[in-house]
Amino acid sequence: MRVHHLNCGLMCPPGGRLFDGFSRGAVGRLACHCLLVEMDDSLVLVDTGFGLKDVEAPHRRISTFFLYLDNIQLEEEMTALRQVEALGYRPRDVQHIVMTHLDFDHAGGLQDFPWARIHVMEAELEAAARRSGPRESRYSPEQLKGLRHWVTYGQDGARWNGFRAVRALEGLPPDILLVSLPGHTEGHAGVAVQDGDGWLLHAADSYFHRHEMDRPERECPLGARAYQRLMAVDFDLHLENQSRLRELYRDPHSRIAVFCTHDLVELAALQGLEGRSRPVAPQAQRRREEAAPSKAPGFSQARQ
Ligand SMILES: [Zn+2]
């Protein structure tokens, strides 16, 4: 399997380095890190970021609160559909989409692949349908409207590196797993993908900044810290899962490369390693610090 690291969205929240830890201007730069996995005869997407319809009519699909709080930059070329085409594939080749959760910044591209089976935790689909609580506008009914090919999962009790995981996703090989990581949302999950003799673990919004993982104690820029607290349905559980991920991340014997959705430096480092025969972790992670974030897609679109 070959794995592509795509950036399917760019958010530039006010706060600069207080949000991302590196921007020098007034706004920060956050990625929407998605995966495109090449199978023998089809493609699998992990999350979709923002889609074509979000670009066309953002105010109809994304809450005004989040459009402005996150200062979302929408570019057609960044959508998963256009990036699949740019890689030389047909959109129809995307047969499965595995979702970490259904927040507006992850699910916007689902309708661009209406034929695909969408794999998600049952608790997450229920929460999106219910849309209750103070953070209800995180889920966009417009983005989820008309989608029919849902495949949902409860906890099946299987273990994977200390986490509960769903090992058998319908129609997919056992080297793609949903790893339960609730806290940010009710059915929030990571997605593990076997990569050579190691694994990639897309930990989605379990953390926002790499220093929450690569330091002995959690270190996080103030803005990203406040945003996580604002968005978590169970902040204690969010932190509990985060500290277990940190152990995995920092384990010198681990062959698992852990990364999140919104850290542009992590994304740039993993894109730099794409297609190479490489040690997966932790060596790959140490190299992230040296990565030049200005090379990551999204930087050219960012407003300084
Ligand atoms: Zn997110």
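The rules behind the values
Counting of residues starts from 1 at the beginning of each chain's written sequence and follows it residue by residue. Given that this is a predicted model, residues contribute local features only at a pLDDT of at least 70 and side-chain atom pairs are listed and counted only at 80 or more, while totals for whole chains, interfaces and linings are drawn from all residues. By convention in this description, side-chain values take in all heavy atoms of the structure and omit both hydrogens and water. For every residue, the accessible area (1.4 Å probe, protein chains only) is compared with the maximum for its type, and the residue is labelled buried under 20%, exposed over 50%, or partly exposed between those bounds. Secondary structure is summarised from DSSP: a helix means a run of H or I of at least four residues, a strand means a run of E of at least two, and numbering begins at the N terminus for each. Two strands pair under a simple rule: DSSP has to find at least two bridges between them. As used here, the arc belongs to the directions running from the helix axis to the C-beta atoms. By definition, residues are in contact when any of their heavy atoms lie within 4.5 Å. Interaxial angle, 0 to 180 degrees, is taken between N-to-C directions of lines fitted to C-alpha atoms, where a helix line uses only the stretch in contact. Pairing of aromatic side chains requires ring centres within 6.5 Å, counting the rings of Phe and Tyr and the six-membered ring of Trp. Pairs whose planes differ by under 30 degrees are stacked, by over 60 edge-to-face, and all others tilted. Here, a salt bridge means any Lys or Arg side-chain nitrogen found within 4 Å of an Asp or Glu carboxyl oxygen. Disulfide assignment relies on a single distance test, namely cysteine sulfur atoms paired within 2.5 Å. Distances decide who is a donor: an N, O or S atom must be within 2.8 Å of the metal, or within 3.2 Å for Na, K and Ca. Water is not included, so sites may look incomplete. Geometry is assigned from donor-metal-donor angles: four donors are tetrahedral when every angle falls between 85 and 135 degrees, four are square planar and six octahedral when opposite donors sit over 155 degrees apart with all other angles between 65 and 115, and any other arrangement is irregular.

Asker: How would you sum up the pairing of strand 12 (residues 198-202)? Please name residues and give values.
Answerer: Each regular strand carries side chains that alternate between the two faces of the sheet. Of all 5 residues that make up strand 12, 5 are buried, and the element is covered over most of its length. Here strand 12 shows a buried face lined by Gly198, Leu200 and His202 and a second buried face lined by Trp199 and Leu201. Where strand 11 (residues 189-195) and strand 12 come together, 5 bridges link them in antiparallel fashion. Bridging from a neighbouring strand, Val193 pairs with Leu200 of strand 12. As judged from the 4 bridges shared by strand 12 and strand 13 (residues 256-259), these two strands associate in the parallel manner. Bridging across to strand 13, Leu201 finds its partner in Val258.

Asker: Can you explain helix 7 (residues 122-130)? Please cite residues and give values.
Answerer: Listed as buried for helix 7 are Glu124, Ala127 and Ala128. The arc that holds every buried residue of helix 7, seen down its axis, measures 100 degrees, which confines them to one face. Where the residues of helix 7 are buried, they touch strand 6 (117-121) and helix 8 (141-144). Note on helix 7: the residue one or two positions beyond its end, Arg131, has a positive phi of about 45 degrees.

Asker: I'd like a description of the sheet that holds strand 5 (residues 94-98), backed by residues and values.
Answerer: Where strands meet in a sheet, backbone hydrogen bonds hold them as pairs that are either parallel or antiparallel. The strand order across the open sheet built from 7 strands is 4-1-2-3-5-6-7, with neighbouring strands paired in mixed fashion. Of all strands in the sheet, those bounded by a partner on one side alone are strand 4 (72-73) and strand 7 (150-153). With 4 bridges connecting them, strand 6 and strand 7 associate as parallel partners. The partner of Met121 across the bridge, within strand 7, is Tyr153. With respect to the sheet, helix 7 is in contact with strand 6 and strand 7, its orientation differing from that of strand 6 by roughly 95 degrees. Across the sheet, helix 11 (residues 264-273) touches strand 1 (2-11) and strand 2 (30-38), and the angle it forms with strand 1 is around 150 degrees.

Asker: Break down the packing of aromatic side chains for me, with residues and values.
Answerer: Overall, the coordinates contain 7 aromatic pairs when judged by the stated rule. Each ring, one from Trp160 and one from Trp199, has its centre 5.4 Å from the other, and the planes form 70 degrees; the classification is edge-to-face. Of this pair, Trp160 sits in strand 8 (residues 158-160) while Trp199 is found in strand 12, placing the two residues 39 residues apart along the sequence. An aromatic cluster of three or more residues is present, and its members are Phe50, Phe65, Phe66 and Phe104.

Asker: Can you break down the pattern of salt bridges residue by residue, with the values?
Answerer: One pass over the structure, following the stated rule, counts 13 salt bridges. By sharing partners, the salt bridges in this structure join Glu76, Arg82 and Glu85 into a single network.

Asker: Provide a residue-level description of the state of the cysteines, including the pertinent values.
Answerer: Applying the stated criterion across every chain yields a total of 0 disulfides. Free of any disulfide, Cys34 has its nearest cysteine sulfur in Cys8, 3.8 Å distant.

Asker: Help me get a handle on the pairing of strand 9 (residues 163-166), residues and values and all.
Answerer: Note that strand 8 and strand 9 share 3 bridges and pair antiparallel. Looking across to strand 9, one finds that Ala158 is bridged to Ala165. In this structure, the hairpin formed by strand 8 and strand 9 is closed by a connection of 2 residues, where Asn161 is found at a positive phi of approximately 50 degrees. Taken together, the 2 bridges between strand 9 and strand 10 (residues 176-180) define a ladder with antiparallel strand orientation. Paired with Val166 across the two strands is Leu178, which belongs to strand 10.

Asker: Lay out the coordination of the zinc ion with the relevant residues and their values.
Answerer: Reference geometry at the metal: tetrahedral coordination by four donors gives ideal angles of 109.5 degrees; octahedral coordination by six donors gives 90 or 180 degrees. The coordination sphere of the zinc ion contains the protein donors Asp105 (OD), His106 (NE2), Asp205 (OD) and His262 (NE2), at a distance range of 2.1 to 2.3 Å. Angles of 88 to 157 degrees at the metal separate the 4 donor atoms of the zinc ion, which places the site in the irregular class. Sequence spacing of the donor residues for the zinc ion, all on one chain, is D-H-x98-D-x56-H. Of this pair, His106 sits in helix 6 (residues 104-107) while Asp205 sits in the loop between strand 12 and helix 9 (222-231), placing them 99 residues apart in sequence. Residue classification places Asp205 among the buried positions, given a relative accessible area of 1%.

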